[in-house]
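Examining the three-dimensional arrangement
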Amino acid sequence: PLGEVSLLLSAEREQLRAWNATGRALSGVAPLPELIEAAVDRTPDAVAVVFEGSACSFAALDAQAHGLAGGPSGRPVGEYPTRRLRGRLGDAGAGLGPPPVVLAPASQRQLPALAGCDLLGFDEARPTPERPRGRTGLDQPAYAIFTSGSTGKPKGAVNDHRGIVNRLLWLCEELALGAGERVLQKTPASFDVSVPEIFWPLVRGSKLVMAAPGGHRELLYLQRTLAEQQITMVHF
């Protein structure tokens, strides 16, 4: 029977088995926030994020993040157009406990109300060096990301810290990103490629260079940014 005919030679099968031997024991590995905090402790004064004419050190980024992240843990946080947010937050927040939070500039408080959501002006949060007492675990949700919806209603998937940490550890092994390197973050936050783009340089103590919104669509802008910012790593 055809089902019993092997399409691979035994040597080819062994090669496939070797290529796919990607199992990793994550016991004792910290979740994502603690990996970033470790980078902060190593190089607090190094530049963490660059956006156009402004820059932020690892210590300042740490303080801003903790100032912004107050309140109950486990709340979904959204940042996108109102109509899209309504659908996604309704899906992400259904039955998950505390109401979702929407991140927006304080100047956009006139956004139409999102039922059951709190609007948080991220430029109003006061930086604080105090880190949260409660720590998360590898099996706790890290983020939810949605499909494009090209085949209907977008579908959301919750990803835990174990998954993103596994991905980042693999990147660190395969591509030895150094502290002096610069990674361009050009992918919209709703697309999954943005997740390692953002967090990989932050856990390595490298520099994250943020492209202008929509810049990923402009070839000449990207070309100029790669040269001017001396980008050493970019994902296409």
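The structure this text deals with has already been given above.
The structure reproduced in this document is the subject of the present report. This is a predicted model, so every value here is computed, not measured. (Residues numbered from 1 in each chain as written. Predicted model: local features only at pLDDT ≥ 70, side-chain atom pairs only at ≥ 80, totals over all residues. Heavy atoms only, no water.)

Scanning the chain from terminus to terminus reveals seven helices and nine strands. Excluding contacts between residues fewer than 6 apart, the proportion of contacts in the chain whose partners are at least 24 apart in sequence is 59%. Carbon and sulfur atoms provide 56% of the accessible area of the chain, an area that totals close to 14,800 Å². (Helix = DSSP H or I, 4+ residues; strand = E, 2+ residues; numbered from the N terminus. Contact = heavy atoms within 4.5 Å. Areas by Shrake-Rupley, 256 points an atom, 1.4 Å probe, with all protein chains shown as cover.)

Here we come to the packing of aromatic side chains. By the definition in use, this model includes zero aromatic pairs. The ring of Phe236 carries Lys186 above its face, with NZ or CZ at 4.7 Å from the centroid. (Phe/Tyr/Trp six-rings, centres within 6.5 Å; stacked < 30°, edge-to-face > 60°. Lys NZ or Arg CZ within 6 Å of the ring centre and 35° of its normal.)

Our next topic: the nonpolar core. Of all hydrophobic cores here, the largest spans 23 residues; its most connected members are Leu32, Ile36, Phe58, Leu168, Trp200, Leu202 and Val203. Of all the elements in the fold, those that place two or more residues in this core are helix H2 (32-42), strand S1 (47-51), helix H5 (161-174) and helix H6 (194-204). Counting residues in each nonpolar core, the second largest holds eight residues, with Leu184, Ala211, Tyr221 and Ile231 among its members. (Core = buried A, V, L, I, M, F, W, Y, C linked by side-chain atoms within 4.5 Å. Buried < 20%, exposed > 50% of the residue type's maximum accessible area, 1.4 Å probe, protein only.)

Our focus in this paragraph is the side chain of His161. Relative to the elements of secondary structure, His161 occurs in helix H5. Beyond its immediate sequence surroundings of up to four residues, His161 is in contact with Pro31, Leu32, Pro33, Thr136, Gly137, Leu138, Gln140, Pro141 and Ala142.

Here we come to the pairing of S1. The sheet contact formed by S1 and strand S2 (residues 54-57) spans four bridges and is antiparallel. When the bridges of S2 are listed, Val49 appears paired with Cys56. In sequence, S1 turns back onto S2 through a hairpin of two residues, with Glu52 there showing a positive phi of about 50 degrees. Two elements, S1 and strand S9 (residues 207-210), share three bridges in a ladder whose sense is parallel. Bridge assignment links Val50 to a residue of S9, and that residue is Val209. (Pairing = 2+ DSSP bridges.)

Here strand S8 (residues 182-185) shows two buried faces, one formed by Arg182 and Leu184 and the other by Val183 and Gln185. Relative to S9, S8 is paired through four bridges, and the arrangement is parallel. Bridging from a neighbouring strand, Leu184 pairs with Val209 of S9. After leaving S8, the chain enters H6 and then returns to the sheet as S9, a path that is right-handed. (Right-handed = clockwise from strand over helix to strand, strands pointing away.)

Our next topic: the sheet that holds S9. Strand order across the open sheet formed by four strands is S2-S1-S9-S8, with mixed pairing between neighbours. What marks the edges here is a single partner per strand, and that holds for S2 and S8. The mean angle between the axes of side-by-side strands here comes to 20 degrees, regardless of whether they run parallel or antiparallel. In the packing of helix H3 (residues 58-68) onto the sheet, contacts are made with S1 and S2, and the angle to S2 comes to roughly 85 degrees. The strands that H6 touches are S1, S8 and S9; relative to S8, the one it contacts most, it runs at about 155 degrees. (Axes fitted to C-alpha atoms, helices over the stretch in contact; angles between N-to-C directions.)

Either a parallel or an antiparallel arrangement is found when strands of a sheet pair, and the pairing is made through backbone hydrogen bonds. An order of S3-S4-S5 is seen for the three strands of this open sheet, with the pairing classed as parallel. Each of the sheet's edge strands pairs with one partner strand only, and the pair in question is strand S3 (77-78) and strand S5 (118-121).

A separate point is a nonpolar patch on the surface. Residues Leu7, Leu8, Leu16 and Trp19 make up a contiguous nonpolar surface patch of roughly 480 Å² in combined accessible area. Along the polypeptide, Leu8 turns up in the segment before helix H1 (10-19). Assessed through its relative accessible area of 35%, Leu8 is described here as partly exposed. (Patch = residues over 30% accessible without salt bridge, like charges linked within 9 Å, V, L, I, M, F, W, Y side chains within 5 Å. Salt bridge = Lys/Arg side-chain N within 4 Å of Asp/Glu carboxyl O.)

Going through the model one piece at a time under the given rule, you end up with four salt bridges. Two residues, Glu14 and Arg17, come together in a salt bridge whose shortest N-O distance is 2.3 Å. In this pair, Glu14 and Arg17 both sit in helix H1, three residues apart, roughly one turn of the helix. Taking the relative accessible area as the measure of exposure, Glu14 reaches 47% and is therefore partly exposed. We note a salt bridge from Arg131 to Asp62, for which the minimum N-O separation is 3.2 Å. Here Asp62 lies in helix H3 and Arg131 lies in the loop between S5 and strand S6 (141-146), a separation of 69 residues in the sequence. Residue classification places Arg131 among the partly exposed positions, given a relative accessible area of 26%.

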